[in-house]
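Observations on the model geometry
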Amino acid sequence: MNDKRRDGIESGKGLELASIMECRECTCFNLRKAARVVTQIFDQALRSIDLRATQFTLLALAFAHGPITVTKLSDEMVADRTTLSRNLNPMEKSGLIRITQGSDKRTRIVAITDAGRRKLEEAYPLWKKAQVGIKEAMGADKWGSLISNASDLVDLARLDRGASV
């Protein structure tokens, strides 16, 4: 017996090609695809100084926020702590950041080192060139809409998780 769910889709009914083709419009798929393209552009821009786009972002946040807890940094990145730790560990090994224990044994503090500041200074013009290139290629209006809409999505996700916006 087929039960009709709240979303109007009947469970147990075979999929039709026309129905499954709407997956090409999947929000998740399209945003992840766009994110991969943008990441590739920034990774290529930073490759000459042996830095990845995610590392640049982490250095910039560590610099901007001063010493910051891993929890707060993961909130800023909208990333889980495990993923964040995987990204931070090689940066600590290469001396770009320092991770120390906070006043609570469960709290870890991330701080940019002098080497990290120098790397950030070296990376910034390369990042800026890639940033301007994307803005120019998209056009100011489309780029502004993209950033605004992406920020709105992040805000919604934070509200759903009960985090402060």
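Residues numbered from 1 in each chain as written. Predicted model: local features only at pLDDT ≥ 70, side-chain atom pairs only at ≥ 80, totals over all residues. Heavy atoms only, no water.

1. Looking at the overall build of the chain
Broken down by element type, the chain carries 7 helices and 3 strands. Listing each helix as α and each strand as β along the chain from the N terminus yields α-α-α-β-α-α-β-β-α-α. Across the chain, every contact between residues at least 6 apart in sequence was considered, and the portion connecting residues at least 24 apart equals 46%. (Helix = DSSP H or I, 4+ residues; strand = E, 2+ residues; numbered from the N terminus. Contact = heavy atoms within 4.5 Å.)

2. Digging into the confidence of the model for the chain
Residues shown with low pLDDT carry predicted positions that ought not to be read at fine detail. Confidence in the prediction for the chain averages 88 pLDDT; 87% of positions are at 70 or higher. Looking at the elements of the chain, mean pLDDT is at its lowest for helix α1 (residues 17–20), recorded as 73, and at its highest for helix α6 (residues 114–138), recorded as 98. (pLDDT = per-residue confidence, 0-100.)

3. What about the packing of aromatic side chains?
Applying the stated criterion across every chain, the model contains 3 aromatic pairs. Aromatic pair phenylalanine 56 and tryptophan 127: ring centres 5.6 Å apart, planes at 15°, arrangement stacked. Of this pair, phenylalanine 56 sits in helix α3 (residues 53–65) while tryptophan 127 sits in helix α6; the two residues are 71 residues apart in sequence, bridging distant segments of the chain. Exposure remark for phenylalanine 56: the relative accessible area of 7% places this residue in the buried category. With relative accessibility at 21%, the residue tryptophan 127 sits in the partly exposed group. Ring pairs connect the aromatic residues Phe42, Phe56, Tyr124 and Trp127, which therefore count as one cluster. Positioned above the aromatic ring of tryptophan 143 is the side chain of lysine 135, whose terminal nitrogen or guanidinium carbon lies 4.3 Å from the ring centre. (Phe/Tyr/Trp six-rings, centres within 6.5 Å; stacked < 30°, edge-to-face > 60°. Buried < 20%, exposed > 50% of the residue type's maximum accessible area, 1.4 Å probe, protein only. Lys NZ or Arg CZ within 6 Å of the ring centre and 35° of its normal.)

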